[in-house]
Amino acid sequence: YEYETVLKQVFKDEYEISTIYALGGKNNVKEAFTEFGPLSDEGKKNIYIVDGDFDRFLNDVDVISHSNFIYLESYNIENYYIDEMAVVSFMKGKVHMLDEEVKKMVKFEDWLNETVEQFAPVFILYTIIQNKKLGISNVGENVHLKINKNDGSVRADIYQELYEKLSMLFENLSDLESEAVSNYNKIYDSYFNLICGKHLMCSLFYYLKSIKSTIKLQDLKWHLITNININKFSY
C-alpha cells in the first residue's frame, strides 16, 4: 500500500498500476524477472523495482541491466521520504505556526547534514562487511538502538565498536575504508544515497520528537509518503 501510494503520485495518469507484488527482497525480484520477464501474458509491462543498497560499490554482484528493471539511486525507498517541504508541512500541523517559523524551528538541513555526516563512516564499514562477505550483522540490526532517542543523533560508539571488531580481522582496515570512500565518491558527491533510509527516518523521528513530544512515527511516515517529492524520481 505504501508503494502504490508513492507510484501513483510518480506516474499520475500516465500509467495504470494493475497489481503490486512485494516480493520480500532483491533476490526474489531477480528470480521473478528471470521467470516472468518484461511483459505479462496480457502484454502489459512488468516493472521490477529494487533497492540501490550497496550493489554499486560491491564486487561480484549480479546487476541486471534492463529498462524494466530499475535500481533506486538511493539505498532504499525510505530515502525518498526524507524531504524538507513534507517535514515542514507535517510539523506545521503539530506546532501551529507559519511555514517560515516552522522551517527556523525544525532546521531540516542542519539535521540532515549532521546525521549523514555521523552515519557515513558507519556505512562505509558496512560496505566492507558486505564486500568481504563477513556475515557480521550491520544494516539489519535494530535501527532504534543506533539512535539517541533524546535528540535523534547517531550514537557515537556505533562506529568505534564496529571499527574495533573489524580491525581484529583486517590489519589494513584504514586502507579498506579509503578504498570504499574512493569507490563511492566516483559515483556520488554526497553520502545521503549510501545511508539506509530507515536509519534516516528513525533519526528524523526522534529529532522531531525532541521538538514536539506527541508526534508518532507512523503518522510522520505516512505524511511523508503522501507528500513525496516526485521530482526525486525523475531518473
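Everything numeric in this text was worked out from a predicted model, so none of it was measured. (Residues numbered from 1 in each chain as written. Predicted model: local features only at pLDDT ≥ 70, side-chain atom pairs only at ≥ 80, totals over all residues. Heavy atoms only, no water.)

1. What about the side chain of Lys-26?
In this structure, Lys-26 sits in helix H2 (residues 26–36). From its side chain, Lys-26 meets the backbone oxygen of Asp-51 in a polar contact 2.9 Å long. In contact with Lys-26, other than residues within four places in its own chain, are Val-50, Asp-51, Gly-52, Asp-53, Asp-55 and Tyr-71. (Helix = DSSP H or I, 4+ residues; strand = E, 2+ residues; numbered from the N terminus. Polar contact = N/O pair within 3.5 Å; in protein donor to acceptor, adjacent residues only side chain to side chain. Contact = heavy atoms within 4.5 Å.)

2. Examining the layout of surface pockets
Here the idea is plain: a probe the size of a water molecule rolls over the atoms and shows the empty space left. In this structure, the second largest pocket spans a volume of roughly 230 Å³. Forming the walls of the second largest pocket are Tyr-126, Ser-137, Asn-138, Glu-141, Asn-142, Leu-145, Lys-146, Arg-155, Ile-158, Glu-161, Leu-162 and Lys-165. For the lining of the second largest pocket, the element with the most residues is helix H6 (residues 157–167), which contributes 4 residues. Of the residues contributing to the lining of the second largest pocket, the split by class is 4 nonpolar, 3 polar and 5 charged. (1 Å grid on protein atoms, 1.4 Å probe; cavity = no way out; pocket = protein on both sides within 12 Å on 5 of 7 lines; lining within 4 Å. Points joined across faces, edges and corners; volume = space filled by probe spheres on them. Nonpolar A, V, L, I, M, F, W, Y, C, P; charged D, E, K, R; others polar.)

3. A few points about the packing of aromatic side chains
Enumeration according to the criterion identifies 18 aromatic pairs in this entry. Centre to centre, the rings of Tyr-75 and Phe-123 are 6.3 Å apart; their planes meet at 80 degrees, and the pair counts as edge-to-face. Remark: Phe-123 occurs in helix H5 (residues 108–131) and Tyr-75 occurs in the loop between strand E2 (69–71) and helix H3 (84–95); sequence separation between them is 48 residues. Every member of this aromatic cluster is reached through a ring pair, and the members are Phe-54, Tyr-75, Phe-119, Phe-123 and Tyr-126. (Phe/Tyr/Trp six-rings, centres within 6.5 Å; stacked < 30°, edge-to-face > 60°.)

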